[in-house]
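# Survey of secondary and tertiary structure
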Amino acid sequence: MQVIIATNNLNKVREIKSIFKDTNIEFKTMGEIGCHDDIVEDGNSFSENAIIKAKYISKKYNCIAMSDDSGLEVEALGGAPGIYSARYASTHIDSDNNALLLKNLKGVENRRANYTCSICVYYPNDEYVISEGKVYGTIIDEARGENGFGYDPYFYIEEFHKTFAEVDLAKKNTISHRARALRGLREKLDENFNIIR
Ligand code: IMP
């Protein structure tokens, strides 16, 4: 079975493929099927955006599509950057996003934050399955580690005594928001559609 992933973010693709590596699903990215469309993510939540993206690809290519929408929510910032995580700073560059985050948290004691991920699988018959995962951590002031992407060098996980950028992908996938959403999705797909065998 083929599923088109509605993203060109290779970090996400790597994480998705790694969670589903023992299944018969053949994943292809938008780029691999020649789609370079800029899908407008104008939903008000991670779930709404995930549905928008998966539906767009499913409709356009008459295929099963999977999409992910994710981001960082910081308690003291009222949940910001949230659905705007990728474009928190106007440049859309990770280092600028991180600099703005630290600026906004300057002098703030409460550093509690979470990553949230919503994953949607959308079928050509307009049925869809959605799953959400979260992981909790704190935002530190100094970058630590070279792995991962986005806010990972500043996202400190208490149980690891490390940031997400200091652990490898396999370790990140034991608890990450995306891994949790994907595992929940697998369970729902097994129950509802029986497609993963
Ligand atoms: P999306 O591509 O619209 O889902 O935006 C996701 C954005 O949230 C990314 O560009 C990152 O800034 C942030 N983000 C989501 N998941 C992660 C993660 O696992 N590590 C670091 N940053 C993440």
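The following paragraphs examine the structure supplied in this document. (Residues numbered from 1 in each chain as written. Predicted model: local features only at pLDDT ≥ 70, side-chain atom pairs only at ≥ 80, totals over all residues. Heavy atoms only, no water.)

### Digging into the pairing of strand 1 (residues 2-5)
Threshold: DSSP calls a pair of strands paired once it identifies at least 2 bridges connecting them. Per the convention used, a helix needs a DSSP run of H or I reaching at least four residues, while a strand needs a run of E reaching at least two, with both numbered from the N terminus. Classification remark: right-handed applies to a crossover when, strands pointing away from the viewer, the course from the first strand over the helix to the second runs clockwise.
Across four bridges, strand 1 lies against strand 2 (residues 26-29) in parallel orientation. From the neighbouring strand, V3 faces strand 2, where its bridge partner is F27. On the question of chirality, the crossover connecting strand 1 to the parallel strand 2 by way of helix 1 (residues 10-19) is right-handed. As paired strands, strand 1 and strand 3 (residues 65-74) are joined by two bridges and run parallel to one another. Note that in strand 3 the partner of I4 across the bridge is A65.

### Quick look at the sheet that holds strand 7 (residues 162-163)
Operational definition: By definition, residues are in contact when any of their heavy atoms lie within 4.5 Å. Angles shown run from 0 to 180 degrees and are taken between the N-to-C directions of axes, each axis being a line fitted to C-alpha atoms and, for helices, limited to the stretch in contact.
One open sheet holds the seven strands; their spatial order is 2-1-3-4-5-6-7, and the pairing between them is mixed. The strands lining the two open edges of the sheet, one partner per strand, are strand 2 and strand 7. As judged from the two bridges shared by strand 6 (residues 155-157) and strand 7, these two strands associate in the antiparallel manner. What sits directly across from Y156, in strand 7, is T163. Each of strand 1, strand 3, strand 4 (112-122) and strand 5 (128-139) is contacted by helix 2 (residues 46-61), which is oriented at about 160° to strand 3, the strand it contacts most.

### Details of the pattern of salt bridges
How we decide: Here, a salt bridge means any Lys or Arg side-chain nitrogen found within 4 Å of an Asp or Glu carboxyl oxygen. We call a residue buried when its accessible area falls under 20% of the maximum for its residue type, exposed when it is over 50%, and partly exposed in between, using a 1.4 Å probe and counting protein chains only.
Across all of its chains, the model carries 15 salt bridges by this definition. Across the pair E41 and K53 runs a salt bridge, and its minimum N-O distance is 3.5 Å. Taken together, the residues E41 in the loop between strand 2 and helix 2 and K53 in helix 2 connect sequence positions 12 residues apart. You can call E41 partly exposed: its relative accessible area is 30%. Among the ionic pairs, R178 bridges to D68, the shortest N-O distance being 2.6 Å. Of the two residues, R178 sits in helix 5 (residues 177-192) while D68 sits in strand 3, which places them 110 residues apart along the sequence. We note that R178, like D68, is buried.

### Observations concerning the side chain of N49
Inspection of the secondary structure puts N49 in helix 2. Among the residues examined, N49 registers a relative accessible area of 0% and is labelled buried. If near-sequence neighbours (up to four positions away) are discounted, N49 is found in contact with E41, D42, G43, D69 and I83.

### Here's the deal with the packing of aromatic side chains
What describes a pair of aromatic rings is the distance from one ring centre to the other and the angle between the planes of the rings. Stated precisely, the cut-off is as follows: Two rings from Phe, Tyr or Trp (for Trp, the six-membered ring) form a pair when their centres are within 6.5 Å of each other. A pair whose planes differ by under 30 degrees is stacked, one over 60 is edge-to-face, and the rest are tilted. A ring is considered to have a charge above it if a Lys NZ or an Arg CZ atom is located within 6 Å of its centre and within 35 degrees of its normal.
Counting across every chain of the model gives five aromatic pairs. Residues F20 and F27 carry aromatic rings whose centres are separated by 5.6 Å and whose planes lie at 75° to one another, so their mutual orientation is edge-to-face. Judged by its relative accessible area of 2%, F20 falls in the buried class. Seen from their ring centres, Y115 and F155 are 4.3 Å apart, and the 35° between their planes marks the pair as tilted. With Y115 in strand 4 and F155 in strand 6, the pair connects residues that are 40 residues apart, well separated along the chain. Feature note: the residues Y115, F155 and F164 constitute an aromatic cluster, connected by ring pairs. Sitting over the face of the ring of F160, K171 holds its NZ or CZ atom 4.6 Å from the ring centroid.

### Notes on helix 3 (residues 94-104)
Selection rule: Here the arc refers to the set of directions running from the helix axis out to each C-beta atom.
Buried residues of helix 3: N97, N98, L101 and L102, and no others. Down the axis, helix 3 shows its buried residues gathered within 130° of arc, on one side only. For helix 3, the secondary structure elements touched by its buried residues are strand 3 and strand 5.

### A word on the nonpolar core
What tends to happen in soluble globular proteins is that the nonpolar side chains get buried as a cluster. This is how it is decided: Here, nonpolar core refers to any group of buried Ala, Val, Leu, Ile, Met, Phe, Trp, Tyr and Cys residues whose side-chain atoms link them within 4.5 Å.
One finds F20, F27, M66, L182 and L185 to be the most contacted residues of the largest nonpolar core, which totals 20 residues. At the level of secondary structure, the elements contributing two or more residues to this core comprise strand 1, helix 1, strand 4 and helix 5. In terms of residue count, the dominant contributor to this core is helix 5 (five residues). L102, L105, I139 and F160 belong to the second largest nonpolar core, which has 18 residues in total.

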